[in-house]
Each structure stands twice: as structure tokens, then as C-alpha cells.
Amino acid sequence: MWSTRQRIAHWLIHAGVGVGVLAGGFFIFNHIKEAADKSVAGIAVWSVASLAFLFCATIGFWYAFLGVNQHWESTRMLRPITTEARQVMLALCRISQANRTAGRSIPLMNCVAVIGLIGAFLLKDARWLGIVVMIVDLRWWLWVRTTTPPFVLFLSTSEAMSVERHHRLKLSISPLRAVSLLDVGINTDADTAGSLNLDCLRTEEDEDWWKVIVLLIELAPIVVINADAESPGVIREATHLVAEDITFKTIFLSNRDAPLLRQVSDAIAAEAGHCIASNYRLDQILALALNRGLKPSRERPISSFL
Amino acid sequence: MSGHKFDLSNLSEGISNMPRRLTRREWMVDHFFYYLQLVSKLGFIAGGIVGYAVWGWIGCVALAIGCLLLGMLIRRSVGLRGPDPFHGWYRRMRERAEGSQAGLLEWMVERLRGNTFTRAKCRAITAAYDTAMAELRLATSREQQQAILKRLDSETKRVSYSD
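Residues numbered from 1 in each chain as written. Chains lettered and ligands numbered in written order. Predicted model: local features only at pLDDT ≥ 70, side-chain atom pairs only at ≥ 80, totals over all residues.

Caption draft 1: Layout of the overall build of chain B. Summing up its helical and strand segments, chain B has five helices and zero strands in all. The globule rule puts the C-alpha radius of gyration for 163 residues at 15 Å, and the 20 Å found for chain B is more than 25% above it. In terms of overall dimensions, chain B has a C-alpha envelope of 55 × 55 × 35 Å along the principal axes. Of all 163 residues assigned to chain B, the portion counted as buried reaches 20%. Sequence-distant contacts in chain B: of pairs separated by 6 or more residues, those separated by 24 or more amount to 60%. (Helix = DSSP H or I, 4+ residues; strand = E, 2+ residues; numbered from the N terminus. Rg over C-alpha atoms; globule rule 2.2 N^0.38 Å. Buried ≥ 20, exposed ≤ 12 C-beta atoms within 10 Å, placed from the backbone. Contact = placed C-beta atoms within 7 Å.)

Caption draft 2: Structural detail: the overall build of chain A. Each helix and strand in chain A was counted, giving 12 helices and five strands. The principal-axis extents of the C-alpha atoms in chain A amount to approximately 85 × 40 × 35 Å. Split into buried and exposed, the 306 residues of chain A put 37% on the buried side. Looking at chain A alone, contacts between residues at least 24 apart form 70% of all its contacts between residues at least 6 apart.

Caption draft 3: Structural context of the domain arrangement of chain A. Residues and elements named next belong to chain A. The assigned domain composition of chain A is domain 1 (4-147) and domain 2 (152-304). Computed from C-alpha atoms alone, the centre-to-centre distance between domain 1 and domain 2 is 33 Å. Contacts between the two partners involve 19 residues from domain 1, matched on the other side by 15 residues from domain 2. Of all the elements in the fold, those that place two or more residues in the side of domain 1 that touches domain 2 are helix H2 (40-78), helix H3 (83-94), helix H4 (99-122) and helix H5 (129-147). Ranked by the residues each element gives to the side of domain 1 that touches domain 2, the list is headed by H2, at seven residues. When grouped by side-chain class, the residues that make up the side of domain 1 that touches domain 2 number nine nonpolar, seven polar and three charged. (Domains from an automatic or database assignment. Nonpolar A, V, L, I, M, F, W, Y, C, P; charged D, E, K, R; others polar.)

Caption draft 4: Geometry of unusual backbone geometry. A cis amide bond links Arg79(A) to the next residue, Pro80(A), at an omega of -5°. At Asp245(A), a position not held by glycine, the phi torsion is positive, near 55°. Looking at the secondary structure, you find Asp245(A) in the loop between helix H9 (232-243) and strand E4 (250-253). Here Asn17(B), not a glycine, exhibits a phi torsion of approximately 60°, which is positive. Secondary-structure assignment places Asn17(B) in the segment before helix H1 (24-77). The class of Asn17(B) is partly exposed, set by 15 C-beta atoms lying within 10 Å.

Caption draft 5: Representation of the domain arrangement of chain B in the model. All names here are of chain B. Taken as a whole, chain B is organised into domain 1 (22-78) and domain 2 (84-163). Summarising the inter-unit geometry, the C-alpha centres of domain 1 and domain 2 are found 26 Å apart. Counting from both sides, the interface comprises nine residues of domain 1 and, opposite them, nine residues of domain 2. A per-class count over the side of domain 1 that touches domain 2 returns five nonpolar, one polar and three charged.

Caption draft 6: Inspection of the sheet that holds E4(A) at higher detail. Residues and elements named next belong to chain A. With parallel pairing, five strands are arranged side by side in an open sheet as E2-E1-E3-E4-E5. The open sheet has two edge strands, strand E2 (178-180) and strand E5 (275-277), and neither has a second partner. Taken over all neighbouring pairs, the strand axes of this sheet differ in orientation by 25° on average, direction set aside. Across three bridges, the pairing between strand E1 (residues 152-155) and E2 is parallel. Its bridge partner lying in E2, Leu 153 is registered against Val 179. Contacting E1, E2 and strand E3 (222-226), helix H6 (residues 160-173) crosses the sheet at an angle of about 160° to E2. (Pairing = 2+ DSSP bridges. Axes fitted to C-alpha atoms, helices over the stretch in contact; angles between N-to-C directions.)

Caption draft 7: How the structure looks around the interface of chain B and chain A. With 23 residues of chain B at the contact, the number on the chain A side is 29 residues. Among the residues forming the side of chain B that touches chain A, the class breakdown is 16 nonpolar, six polar and one charged.

Caption draft 8: Layout of the pairing of E1(A). Residue alternation in E1(A) divides its side chains into two sets, Val152(A) and Phe154(A) and Leu153(A) and Leu155(A), and both sets are buried. Taking the sense of rotation as the criterion, the β-α-β connection linking E1(A), H6(A) and E2(A) turns out right-handed. (Right-handed = clockwise from strand over helix to strand, strands pointing away.)

Caption draft 9: Examining the environment of Gly71(B) more closely. Residues and elements named next belong to chain B. With respect to the helices and strands, Gly 71 occurs in helix H1. The class of Gly 71 is buried, set by 20 C-beta atoms lying within 10 Å. Beyond its immediate sequence surroundings of up to four residues, Gly 71 is in contact with Ser 40, Lys 41, Gly 43 and Phe 44.

Caption draft 10: Quick look at the environment of Glu13(B). Relative to the elements of secondary structure, Glu13(B) occurs in the segment before H1. Judged by the 15 C-beta atoms lying within 10 Å of it, Glu13(B) is partly exposed. Beyond its immediate chain neighbours, meaning those up to four positions away, Glu13(B) contacts Ile95(A), Met18(B), Arg21(B) and Leu22(B).

Caption draft 11: The packing of H1(B) against helix H3 (residues 104-113) of chain B, seen in detail. All names here are of chain B. Running from amino to carboxyl end, H1 crosses H3 at an angle of 140°, the nearest separation of the two axes being 9 Å. In the packing of H1 onto H3, the handedness of the crossing is right-handed. Residues Arg 25, Glu 26, Val 29, Phe 33, Leu 36, Ile 74 and Ser 77 of H1 form the contact with H3, whose participating residues are Leu 104, Leu 105, Glu 106, Val 109, Leu 112 and Arg 113. (Left-handed = near helix turned anticlockwise from the far one by under 90°.)

Laid out in C-alpha cells, this is it:
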């Protein structure tokens, strides 16, 4: 599903980190003899400090690359990303379960950065700045990761299969964002739940749920709704999409005959213009949109992509 | 994605079961409280660095241990008990209900927040906790357990934020 541009970015990230690690290792190897004192303990301390610097700097650059990659790709697909859209995403992150990861990690990062600065200034050793570099890069990545509007909004009931589907969507359009309001804590393995931490904007307060749905539908260029689900929540979401005439950017994901549409109205279900897609067809549509940089519009609805 | 005006004013603060919105002051003190917890855990590293810079290796070890002990004191003073923050907090409420005085930092945080845990409040919170724990032992499904914990959370917050 990745575009050529994405593949190149992916390989550049790996190559950049690899070259950085090799160069750092070579530098340490070359300078190990010039350690402050020639005792075994002195050389050991110098080596550990240098390796720690290399480790922190590598992690930092890795995340900086990830942030830049997501920023560029999202800007290419969603342009323009307004400041207001970023503010909305930040607000949604704050009121959702994503804040358990994002919100709590920021004070921790600040404290670790202060430790790095204390080390650099008091010990007069620039290697401590590796920690600061890592934290600055992590903060940048986290900012991009949490404030970038989604490319795909996935609406479904909170079942293990839906969480798995969201996870596959996220991987297939990475580094663009696919967000949902699913409860990832339900029957999901820890790895999948962990990787969706920042993309499941499930609200802490039930009363926020609908407001967040409406905002995300407005922001996301593509809405994927599980049309095999028939829960009251999903029916309300589908009714909103139809009533507000947002079906031009909606993919009704169904491996049957989209029973959700019949729940909305028989007349709506009988209309031919809706984009009803199986998992396979959904992947094809998204691949096409990514490769050609397409966004659905009223003039060019998503049903016309294939 | 341009030209829209998004209304965020009607969103909640993202804290579940809150009887009212946090004031700016409460929000800031909560952040300060979180930083206190972090400093109590990570302060020994900074202490070790400062100790090494001033007195060498001996200073490093001495100050790191000193800051570790200070961290433990801070955690005790701020009212944190045990490794589990959830049960630890209710443990502290039980201590306060039984007449224990607020720790220095605990008192300071409550003063700054403008919201004191009186003995009556602590008793009500402890009673709600005991009821919830008894119900939890009898609960058989995950949904039941979640409902009990949600009730406990609501009741705790209702009592905590009452005058």
C-alpha cells in the first residue's frame, strides 16, 4: 500500500540511523584511548558514557525522522493543515484515553531533559546533551503524532475484530493517521492495544463521544464505517453521515450487503451511489488515494476512485 | 480542512465522573503534584550528578542515597502509600479518617488547591471504598466490576469536590 515516496522515506530513515550508529561507534572506538585517564575504570566509564550518548542520540534521531516523515506525508495528503485543526486534535487528545499516554509522558520527559542539562553543565561533558536531544526529538514526534488530523476515521463497535481492523488500517496508511473511538481495552492483545494508544480517541466522558465524532467527521478526508455493525451508536453515526450529506467521503465497509444502511432507511439502502466496499476493496481505494494524493470531494466522491 | 470554525467550548475536561470543572488553580496544583512525584523518583539521579561534580565518586554515592531518601520522604509527606497508587490513595484516606494529620506537602497541596480533605470527607470516601471492595469480591463479570469501580470513582469525586 505504501507509495514509492514512502518506501524511499522508510529506507532513508533506516539508512540514516544505521550510518549514524556506525559513525558514532567508529568515533568511540577511535577515541577510547584518549579517555580522561588511562586506568581500566576510566576507560570503562568513558565508554559507557559514550555508548549512552550514542543510544540517546540514535533514539532521538529515529523519532525526529519519524516526526518529519509523518509531518511531510500528512501535509502532502491533507494540505493545508491549519493551526485550528491541530488545536482541535490536541483538545481531542486531552479529553480522550490517548492522554493517558501523551499527557503523562510530557512531565517525565521534561524531568529527564533537566537531568541531561544538569549533567552537561555541571560535568562540562557535552555527551549529556544526548539526553536533551532525545527528549527534544521525542517531544517533536509526540506533537506531530497527536496534533496531526487523521486521514481516515474508522467508525465501528468496540469488538476485538474492529480493533484489529483499525490496527490494519493504521499500518496500511502509516505514517498518516487512522483514528477511531474504539475501546482498545476489550479483548485485545497488549501489543495491538499499545500501538493504538495515540490513535484511539475514546473519550473519558460519555457525553463527549458525539461531539468528538462530529469534529472528527469534519476533519477526516475519508470516513470508514463498519456497515456490518448494527449497534445504536453506529446507526446514529451512519444517520448523521447520510443526513449531513457526507457520504461522498464515506466508505461503508461490509462483507455482506451493508445491513447498517437498511437500519438508517430502506430508501437510503436502495440508492446506488454509496461506496460499499469489502476489506480488499477498501485497501485498493486507500492505496489509490495515497499513490495519487487524492482526497474525495463532492465533485469526485470516493465511490468514483476505482 | 480550511475555513471551518470548530467549537471546543462544550467539550469536558476529559476527567471521568467529575461533578464540576477543575479551576485553573486546581489544574496547576495537580500538575505540581505530578512533578513532585517525578522528582521524588528521579531526584537521586540529579543528586548523583551534583555530588560527582562537587565531591567526586564519594559525593555521587552519598548525594544519590541522600536524594533517594529525600524522595521517599517526599512521597510519604505528599500522602502516597504503597506501590499501587489506586489502593494507596484509599489507604491514606483511611489513615486520615482515623485521625492521622496531613503531611507537610499534603497540607501544602490541599491549601494551594483550596480543597481540604476533612475527617468527615475521608470517612465517607473510606466507606465508599469498603462497600465497593466488598461488591467487587462478589462481582463475576468484567462489566459488573467496571460498574462498581465507576460508582466508586463518582462517589469519591463527589465527596472530594464537595464543600
